[in-house]
Amino acid sequence: MLIEEMTGLFIGPMPPHNFIDALMRLKKKLKAAPKVDFSEVPFTGVEKDMYEPLCNAINDSGVCPGFKLVDVSSSVDKNGIRLRPDLVLVPTDAKDMMDYTIMEFFVEVKVAKPADPFYDINSKALKETIEKMKGDSAKTRGQITSYAAALLSRQHRTFAFSITICGQYVRFFRWDRAGCIVSEKFNFLRDSHLLAEFFWCYAHMTREQRGFDPTVVPASAAESKLFSDALSRHIEESKPRDVSYLQPKPDSTYPISKMQVPTMNGIREVIVGKPFQDSNSPCGRATRAYAAYDLVEKKVVFAKDYWRDEAKGLLSEAEFYDILKQSNVPFLPEVIAAGDLYVKPKQRNACQKTYTQKYSPSRANRPKWCQPCAELRTLVHCRVVQNLTFPLPSALSSKEAVQTIRDAIEALKVAYHHGKVFHRDISTGNIMIDESGRGILNDWDHAQKVVFKNIPQTYQTGVWQFRSILLLRHPKKAHDIHDDLESSFWVLLYISLHYFKHNQSMIFDFSLFDEYKHVGDNCHSLGGLSKRGFLSEGLKEVQWKCAPLNKLIHGLGDFFQKYLYHHSRQDDDEGIASFKDIQEKMVQVDAILAFFDSALKSNGWPEKDALPDQYPPMTDKENAQLLHDLKSRAIASAARKKTSAALPAKRRASVPSTALASMRIESRIPGIRSSRRVAQRRNKQQAPVAEPSQLPMNSRGTVKRRLNEAPTEMSSFRSKRARLAK
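Residues numbered from 1 in each chain as written. Predicted model: local features only at pLDDT ≥ 70, side-chain atom pairs only at ≥ 80, totals over all residues. Heavy atoms only, no water.

A look at the overall build of the protein chain
Summing up its helical and strand segments, the protein chain has 21 helices and 24 strands in all. The buried share of the protein chain, taken over its 726 residues, is 55%. Expressed as a percentage of contacts within the protein chain between residues at least 6 apart in sequence, the contacts between residues at least 24 apart total 69%. A total accessible area of about 33,500 Å² is found for the protein chain, and carbon and sulfur atoms account for 51% of it. (Helix = DSSP H or I, 4+ residues; strand = E, 2+ residues; numbered from the N terminus. Buried < 20%, exposed > 50% of the residue type's maximum accessible area, 1.4 Å probe, protein only. Contact = heavy atoms within 4.5 Å. Areas by Shrake-Rupley, 256 points an atom, 1.4 Å probe, with all protein chains shown as cover.)

A closer look at the sheet that holds strand E18 (residues 390–391)
Strand order across the open sheet formed by three strands is E18-E20-E21, with antiparallel pairing between neighbours. The strands lining the two open edges of the sheet, one partner per strand, are E18 and strand E21 (439–441). As defined by bridge partners, E18 adjoins strand E20 (residues 431–433) across two bridges and the pair is classed as antiparallel. The residue of E20 that forms the bridge with Phe390 is Ile433. Packing against the sheet, helix H7 (residues 398–417) makes contact with E20 and E21, and its axis sits at approximately 125° to E20. (Pairing = 2+ DSSP bridges. Axes fitted to C-alpha atoms, helices over the stretch in contact; angles between N-to-C directions.)

As for the packing of H7 against helix H9 (residues 481–499)
Relative orientation of the contacting elements H7 and H9 amounts to 170°, with a least axis distance of 11 Å. When the axes of H7 and H9 are compared, the pair comes out roughly antiparallel. Where H7 abuts H9, its residues Ala401, Val402, Ile405, Ile409, Leu412 and Tyr416 lie against Ile481, Asp484, Leu485, Ser488, Val491, Leu492 and Ile495. When its residues are assigned to classes, the contact of H7 with H9 shows 11 nonpolar, one polar and one charged. (Parallel < 35°, antiparallel > 145°, perpendicular 65-115°, else oblique. Nonpolar A, V, L, I, M, F, W, Y, C, P; charged D, E, K, R; others polar.)

Quick word on the sheet that holds strand E9 (residues 216–218)
For sheets, the rule is that strands pair by backbone hydrogen bonds, running either parallel or antiparallel. Pairing in this open sheet of seven strands is antiparallel, and the strands run E9-E10-E11-E12-E13-E17-E14 from one edge to the other. Bordering the open sheet on either side are E9 and strand E14 (335–340), each of which pairs with just one other strand. Averaged over all adjacent pairs, the angle separating strand axes in this sheet is 30°, with direction ignored. Bridging between strand E12 (residues 288–294) and strand E13 (residues 299–309) involves seven bridges; their strand directions are antiparallel. Pairing of Asp294 across the sheet is with Lys299, part of E13. Of the strands in this sheet, E13, E14 and strand E17 (379–387) are in contact with helix H6 (residues 317–326), which crosses E14 at around 135°.

Here we look at helix H1 (residues 16–23)
In an α-helix there are 3.6 residues to a turn, and that puts residues three or four apart on one side. For H1, every residue scored as buried is listed here: Pro16, Phe19, Ile20 and Leu23. For H1, the arc enclosing every buried residue in end-on projection is 105°, short of the 170-degree limit, so these residues lie on one face. Where H1 is buried, its residues contact strand E1 (10–14), strand E5 (160–166), strand E6 (169–176), strand E7 (179–183), strand E8 (186–187) and helix H4 (192–203). (Arc of directions from axis to C-beta.)

Remarks on the packing of aromatic side chains
For the structure shown, the criterion picks out 36 aromatic pairs. Centroid distance Phe198 to Phe199: 6.0 Å. Interplanar angle 80°. Geometry classified as edge-to-face. Judged by relative accessible area, which is 0%, Phe198 ranks as buried. You can call Phe199 buried: its relative accessible area is 2%. Taking 4.5 Å as the distance between ring centres and 65° as the angle between the ring planes, the aromatic pair formed by Phe510 and Tyr615 counts as edge-to-face. Of this pair, Phe510 sits in the loop between H9 and helix H10 (511–514) while Tyr615 sits in the loop between helix H14 (590–601) and helix H15 (620–646); the two residues are 105 residues apart in sequence, bridging distant segments of the chain. (Phe/Tyr/Trp six-rings, centres within 6.5 Å; stacked < 30°, edge-to-face > 60°.)

Some remarks on the pattern of salt bridges
Throughout the structure, instances matching the rule amount to 29 salt bridges. Note that Arg268 and Asp294 form a salt bridge whose closest N and O atoms lie 3.0 Å from each other. Taken together, the positions of Arg268 in strand E11 (residues 267–272) and Asp294 in strand E12 put the pair 26 residues apart, joining distant regions of the chain. A single burial state applies to Arg268 and to Asp294, both of which are buried. A salt bridge links Arg438 to Asp407; the nearest nitrogen and oxygen atoms lie 2.8 Å apart. (Salt bridge = Lys/Arg side-chain N within 4 Å of Asp/Glu carboxyl O.)

Focus: the environment of Gly45
With respect to the helices and strands, Gly45 occurs in the loop between H1 and helix H2 (51–61). Residue classification places Gly45 among the exposed positions, given a relative accessible area of 51%.

Here we look at helix H3 (residues 135–154)
Between its first and last C-alpha, H3 extends 29 Å over 20 residues, near the 28 Å set by a 1.5 Å rise per residue. Among the 20 residues of H3, 17 are classified as buried, and the element is accordingly described as predominantly covered. (Expected span 1.5 Å × (residues − 1).)

As for the packing of H7 against H14
Relative orientation of the contacting elements H7 and H14 amounts to 155°, with a least axis distance of 10 Å. Between H7 and H14, the interaxial angle falls into the category roughly antiparallel. Between H7 and H14 the crossing geometry is left-handed. Here H7 contributes Lys399, Val402, Gln403, Ile405, Arg406, Ile409, Glu410 and Lys413 to the contact with H14, which in turn contributes Asp590, Ile592, Leu593, Phe596, Asp597 and Leu600. Per-class residue counts for the contact of H7 with H14 are seven nonpolar, one polar and six charged. (Left-handed = near helix turned anticlockwise from the far one by under 90°.)

Side note on the confidence of the model for the protein chain
On average, residues of the protein chain score 82 in pLDDT, and 79% of them are at 70 or above. The weakest mean pLDDT in the protein chain belongs to helix H19 (residues 700–708) at 34; the strongest belongs to E21 at 98. Throughout residues 1–5 the model reports pLDDT below 50, and contacts reaching past four residues in sequence, or to other chains, amount to 11 contacts. Confidence drops under pLDDT 50 across residues 655–726; counting only partners more than four residues distant or on other chains, this segment forms 130 contacts. (pLDDT = per-residue confidence, 0-100.)

Observations concerning unusual backbone geometry
In this chain, Gly12 is followed by Pro13 through a cis amide linkage whose omega measures -5°. Mapped onto the fold, Pro13 is located in strand E1. Lys239 connects to Pro240 through a cis peptide bond whose omega is 10°. Here Pro240 lies in the loop between helix H5 (221–237) and strand E10 (257–262). Of note in this structure, Val589 is not a glycine but carries a positive phi near 70°. Considering the arrangement of structural elements, one finds Val589 in the loop between helix H13 (573–588) and H14.

Focus on the pairing of E12
Of all the seven residues making up E12, seven are buried; the element is thus mostly covered by neighbouring parts of the structure. Going residue by residue along E12, you find Arg288, Tyr290, Ala292 and Asp294 tucked away on one face and Ala289, Ala291 and Tyr293 tucked away on the opposite face as well. Bridging between E11 and E12 involves two bridges; their strand directions are antiparallel. In the sheet register, Ile271 faces E12, and the bridge partner there is Tyr293. The antiparallel pairing of E12 with E13 creates a hairpin that spans four residues between the two strands, and Lys298 there sits at a positive phi of about 55°.

Observations regarding the state of the cysteines
Taken as a whole and judged by the stated rule, the model has zero disulfides. This cysteine, Cys382, is not joined by any disulfide, and Cys351 carries the nearest cysteine sulfur, 9.4 Å off. Note on Cys382: relative accessible area 4%, which makes it buried. (Disulfide = S-S within 2.5 Å.)

Focus: the environment of Ala178
Here Ala178 lies in the loop between E6 and E7. Look at Ala178 and you get buried, because its relative accessible area is 7%. Here the alpha-carbon distance between Ala178 and Gln357, two residues 179 residues apart in the chain, equals 6.3 Å.

If you want it as structure tokens, here you go:
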């Protein structure tokens with residue numbers, strides 16, 4: 001989903017004085033904020049003319065002691081992510097201004113009121129939500145959401161503030177992982193005391209009150225060196241496995257920090273740097289995965305930081321690991337420390353939780369100013385530390401990959417039958433390899449206790465590409481063991497297509513993994529038809545060079561095809577009986593394991609037959625080229641429409657249709673090539689091994705989908721030429 005399309009996460013509009021009183025609470029009473037004179041701010045119609053006067057007005061007034069507001073719109077982007085707000089608040093002694101690692105909050109400035117991304121209560125255009133969905137308003141909302149995501153990604157925060165200025169009107173924002181609270185707009189020339197009070201209160205808040213996580217502090221120089229040296233040794237000792245995604249060298253865009261993790265008896269401290277998995281959204285679970293250095297055991301470990309759902313009946317990941325351990329579930333990670341984080345590191349009476357959901361629509365005492373939005377859930381901040389394992393794509397041979405997935409299915413079986421637990425998130429990132437080459441089923445944070453009543457799900461979990469066909473076709477279907485088992489098959493297929501030789505390596509269309517469509521006013525997404533068609537017809541066309549692997553995949557494919565066929569024929573006694581028979585085999589899991597055991601006992605497994613990724617992720621340069629091509633397409637399309645409109649009716653009939661013209665343009669776009677040409681070009685390069693939990697979804701189908709959606713995305717790429725072409 002494009003970040004400007006994210007909706008339903010914004011709650012408001014809260015009156016600005018309520019925003020300051022409720023969300024910037026201070027225990028000590030402050031004297032009145034100094035007055036700020038904004039009379040020098042010009043409204044000439046040029047946005048940049050507003051930057052310096054706004055900064056001078058704040059900085060010269062002394063309303064924000066210890067900090068300074070600076071213009072970074074033209075600064076060098078130290079973080080290399082091409083996301084520069086207009087103004088940022090930084091400590092007074094800061095040298096690198098455009099640096100998300102030291103940024104307190106950002107201010108986005110627009111020259112005109114129409115760029116305001118939200119409605120107020122008294123707006124006649126307000127219908128269902130406060131979000132404006134079109135034009136510059138949607139673009140502005142996309143910008144501030146991107147900036148918030150970058151800020152929360154590069155700092156250890158529980159929440160963050162920001163400001164927008166559209167013409168003479170200001171809004172305040174408070175972002176956390178549940179959503180964003182938006183203030184009502186106000187005229188900062190007429191009500192300058194409100195903007196002054198915001199800066200005044202912010203300057204007198206503690207780091208914790210400003211949203212910084214008290215359980216994370218900067219690492220010392222000695223600790224940073226310990227971390228880098230240990231990680232370098234681990235990478236060297238891991239050869240021939242490629243774990244180069246673990247970065248031993250310090251990355252200035254992600255400072256090295258010392259992180260606390262709760263244990264049964266106290267606190268464990270680990271050193272972390274840049275995560276090898278991060279979130280690109282300001283809201284949600286925001287999972288960050290690190291290679292960390294354990295200061296107690298003096299070794300490299302795995303650390304995960306995320307926000308879990310606190311819904312009634314849902315257990316934490318730490319609680320699930322206790323249940324699984326008591327149930328003697330095999331092939332689990334060795335957990336060193338796990339638990340929820342506390343507001344005060346040494347005080348266990350209150351956990352770090354999100355705040356935005358307090359104004360969710362279901363609340364009986366929701367204030368009148370709060371307009372309807374998506375149902376927001378309470379999220380709790382937690383961490384897990386465990387032994388570091390290797391990602392599934394680093395398997396050295398097809399036999400090792402098959403053995404790893406087989407072990408994960410064994411863990412599913414015992415967890416289901418003895419622990420009464422579903423995993424619900426089977427993917428390439430959650431099936432790992434230990435030092436002995438055996439499987440580990442990781443990441444039980446989406447797990448759920450088995451419920452034998454068929455209760456519809458309010459929302460689904462798991463990576464879209466590996467969800468079962470029935471879950472993709474029925475969004476409210478209750479999760480069961482069949483879904484986890486089918487997901488294991490899609491993981492096996494995906495890994496085998498990417499890393500082991502087969503006859504379709506130049507032309508395979510990966511769009512079957514990505515297929516989706518929105519239904520019901522975009523409330524639900526559906527998929528699975530391509531997967532269903534692949535099982536019935538497409539799989540027959542793919543043959544792997546490794547005979548045991550080929551037999552295993554085709555045997556499993558036929559089994560799941562029969563399961564889906566009988567599932568669709570439950571309209572007579574014979575169909576019901578056939579379905580119950582195959583369903584019972586699935587429930588016992590042994591039928592699935594038998595396929596793997598038979599294959600693993602076979603002869604003919606080659607040694608170290610793993611290949612570099614045959615469909616590696618697109619590089620930053622390729623992504624930039626794709627965006628350039630999208631922009632060129634939009635400009636050409638606008639010019640074509642203008643030319644066609646200017647022609648006489650008789651001549652207009654001879655102009656190629658939009659569809660044909662689009663096809664001609666696509667044929668000239670470098671990003672749109674046949675799968676064979678893409679694979680041939682990429683096979684000449686050394687392909688990096690995919691990172692854990694990071695899917696190289698850059699197939700031809702994915703690129704095509706991006707281009708087919710281009711006309712609705714082009715508002716963010718409008719240039720002067722495109723506007724003139726209209």
